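# Structure at a glance
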Amino acid sequence: MKFYLAIIFSVLLSAQAIAQEADKSFLNIYDKYWEIEDGYYRVMQHGKIGLVNQSGDVIIPCENEQVWNLQENGNIKVLKNGKLGIYNLSGDLIIPPVYEMIWTFSDGYARVLRNGKIGYVNTSGNEIIPCKYDQIWTFEDGKAKVLKNGKTGFVNSSGYEFIPCEYQKIWDFEDGKARVLKNGKMGYISIQGVELIPCEYQHIGEFNDGVAKAVLNGKIIYIDTNGNPVNPIIVEDVTDQADTVRITTIEVDNPKIKIENGDTTVIKIFGSKIAVIEEDGSKEFSFDSNNRDKHEYKRNRHRRFKGHYWGVDLGFNNYLNANGEISLPDEYHYLSLSSAKSVEVSVNALQQNIGLGRNVGFVTGLGLTYNNYRFDKAYIPNVDDNGNLIGQEITDPYEKNKLMTLYLTAPLLFEVQMGRNRFDSFYMSAGAVGGIRLQSHTKIMSKHGGDKTKTKNRDSFGLNDFRYGAQVRFGFKSLNFYGTYYFSPMYDKDKGPELYPISVGISFYPGTW
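Reference entry: report on the structure contained in this document. Model, not experiment: these values are computed from the prediction. (Residues numbered from 1 in each chain as written. Predicted model: local features only at pLDDT ≥ 70, side-chain atom pairs only at ≥ 80, totals over all residues. Heavy atoms only, no water.)

## Details of the side chain of Asn464
Note on placement: Asn464 falls in the loop between strand 37 (451-458) and strand 38 (466-476). A relative accessible area of 17% places Asn464 in the buried class. At 2.6 Å, the side chain of Asn464 and the backbone oxygen of Pro489 are in polar contact. Not counting residues within four places of it along the chain, the set of residues in contact with Asn464 comprises Tyr407, Arg437, Pro489, Met490, Tyr491 and Asp492. (Helix = DSSP H or I, 4+ residues; strand = E, 2+ residues; numbered from the N terminus. Buried < 20%, exposed > 50% of the residue type's maximum accessible area, 1.4 Å probe, protein only. Polar contact = N/O pair within 3.5 Å; in protein donor to acceptor, adjacent residues only side chain to side chain. Contact = heavy atoms within 4.5 Å.)

## Some remarks on the pattern of salt bridges
Using the criterion set out here, one finds 10 salt bridges in the structure. Put simply, Lys148 and Glu161 hold a salt bridge, and the shortest N to O gap is 3.5 Å. Linking Lys148 in strand 14 (residues 143-148) with Glu161 in the loop between strand 15 (151-156) and strand 16 (163-167), this pair joins segments that are 13 residues apart in sequence. Comparing Lys148 with Glu161, the two get one shared label, buried. (Salt bridge = Lys/Arg side-chain N within 4 Å of Asp/Glu carboxyl O.)

## Here's the deal with the environment of Gly108
Along the chain, Gly108 falls in the loop between strand 9 (101-102) and strand 10 (109-114). You can call Gly108 partly exposed: its relative accessible area is 28%. Sequence-distant contacts of Gly108, defined by excluding residues within four places in its chain, comprise Val121, Asn122 and Thr123.

## Topic: the pairing of strand 2 (residues 40-45)
Note that strand 1 (residues 32-37) and strand 2 share five bridges and pair antiparallel. Bridge pairing in strand 2 links Tyr33 to Val43. The turn linking strand 1 back onto strand 2 is made up of two residues, and Gly39 within it adopts a positive phi angle of 85 degrees. Alignment of strand 2 against strand 3 (residues 48-53), held across six bridges, turns out to be antiparallel. In the strand pairing of strand 3, Gln45 is matched with Lys48. What sits between strand 2 and strand 3 in their antiparallel hairpin is a turn of two residues, with His46 showing a positive phi close to 55 degrees. (Pairing = 2+ DSSP bridges.)

## A closer look at the sheet that holds strand 9
Note on sheets: strands pair through backbone hydrogen bonds, and any given pair is parallel or antiparallel. Pairing within the open sheet is antiparallel, and its four strands lie in the order 9-10-11-12. Lying at the two open borders of the sheet, with one neighbouring strand each, are strand 9 and strand 12 (127-133). Where strand 9 and strand 10 come together, two bridges link them in antiparallel fashion. When the sheet's bridge partners are listed, Ile102 is paired in strand 10 with Val112.

## Concerning the environment of Val155
As for its placement among the helices and strands, Val155 is situated in strand 15. Each C-alpha atom of the pair Val155 and Ile129 lies 8.3 Å from the other, and the pair is 26 residues apart in sequence. If we skip the residues at most four places from it in the chain, Val155 touches Ile129, Tyr133, Phe139, Gly142, Lys143, Ala144, Val146, Tyr160, Glu161 and Phe162.

## Here's the deal with the packing of aromatic side chains
A complete count under the given rule lists 14 aromatic pairs for this structure. In textbook terms, an aromatic cluster arises when at least three aromatic residues are bridged by ring pairs, as seen for Phe26, Tyr33 and Tyr41. Over the ring of Trp103 we find Arg111, and its NZ or CZ is 4.5 Å from the ring centre. Here Lys145 stacks its cationic end above the ring of Trp137, 5.9 Å away from the centre of that ring. (Phe/Tyr/Trp six-rings, centres within 6.5 Å; stacked < 30°, edge-to-face > 60°. Lys NZ or Arg CZ within 6 Å of the ring centre and 35° of its normal.)

## Observations regarding the sheet that holds strand 13 (residues 135-136)
One open sheet accounts for four strands, arranged 13-14-15-16; its pairing is antiparallel. Only two strands of the sheet have a single partner each, and these edge strands are strand 13 and strand 16. Here two bridges tie strand 13 to strand 14, and the two strands are oriented antiparallel to one another. Following the sheet pairing, Ile136 is matched in strand 14 by Val146.

Listed below in structure tokens is the structure:
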């Protein structure tokens, strides 16, 4: 009996398998097919990709370079003619393929990138915020900060720019108002964009008990929340005790204080001094600068240790794999560089010296490092929905394609100078260097006929936000060199290849440092 049951069971399984294969017969008209979800197949015909369901109904026609897996909301992202769009499972094209980047939907909205500018679309594909901004930050309480032509403003969820993009900086809103910087002057605006205090101050501090310290035309004043001047100090006959000074007058604009029945006091603060003048039983404090002997200052200055960092570095950058070789894994071939065109520029603006002797000490500081990675293949790096690095093929004629990163860099170098005169001595320094990523974007320079277009895509591309490594500098007079190797991988773990940035070049130190 068991034998016959086994035979029947085998026959049933075979029949089911034959039926399933028969159900897939509609796929035979395609060159290739892949089942991406139960009942949905990615298909290829004549080198183009589409999507069909288990009944053979065409959801997305075979006219795309790529069709991605179904998203959680049931939408499907496609790549057509190098641009991204989105279909739904009913076969409706809800977002046309005109965008370089479409971010994930959140609360019914998604950021999009078109012609290098950022906007927002809704689930119906309508651009509620037009693609005209350089950056749009995350929405909070129905509003988002935007950047246009280097100026900052705010838009609401309907796309209305209720705070125009005319400010260099807008601080965080507190108690319904925020500090702003416009044309180099500071003021305050309300959360509705109304200018509460005009932008005419060199500086305005935060309000404390309704009063803020401000600088107007080089003078320090105090203002209320409407911008009206106020007197922040009120003093009346302070104490009658013998050991305490009684203040009788205060002049805010002219820093002069008169006291009676007090002890003589001299105060020195950061190179300035308070002189005490006694006259008719009263004492007057007046403020004056402490004038140094300039010749003595210069002579002592030249005796101090000063290292080599402040200036400009110009060099070439590349990356090494885990074996220390300039080679790439096969799946990341699109990251191959044109070494002669991949340059690094560092502007080292701040320097601090820690002398251990006249010719020995530590050097630190802050600088901005620009790394340009020029690619030699017709691909541009991008990321998929999971943040993994992928290569996007460039189908249009182009002149150059590159990845640019900007890091805030800080070194700590130990330097030795060999010679009595440091201006003519050979020097060498070595130590650690670290950086924080401020920005990264890709750029494609395309050429259509006689017209050139630039396409930028700002993203993290799976890059590490922090990096650390070692740096060496050496030189003699105007001939100076540097080299940097980073111990931290260029990309986050499991987001991209294991590559370690390197750079070598020359340094320029203007003046006498």
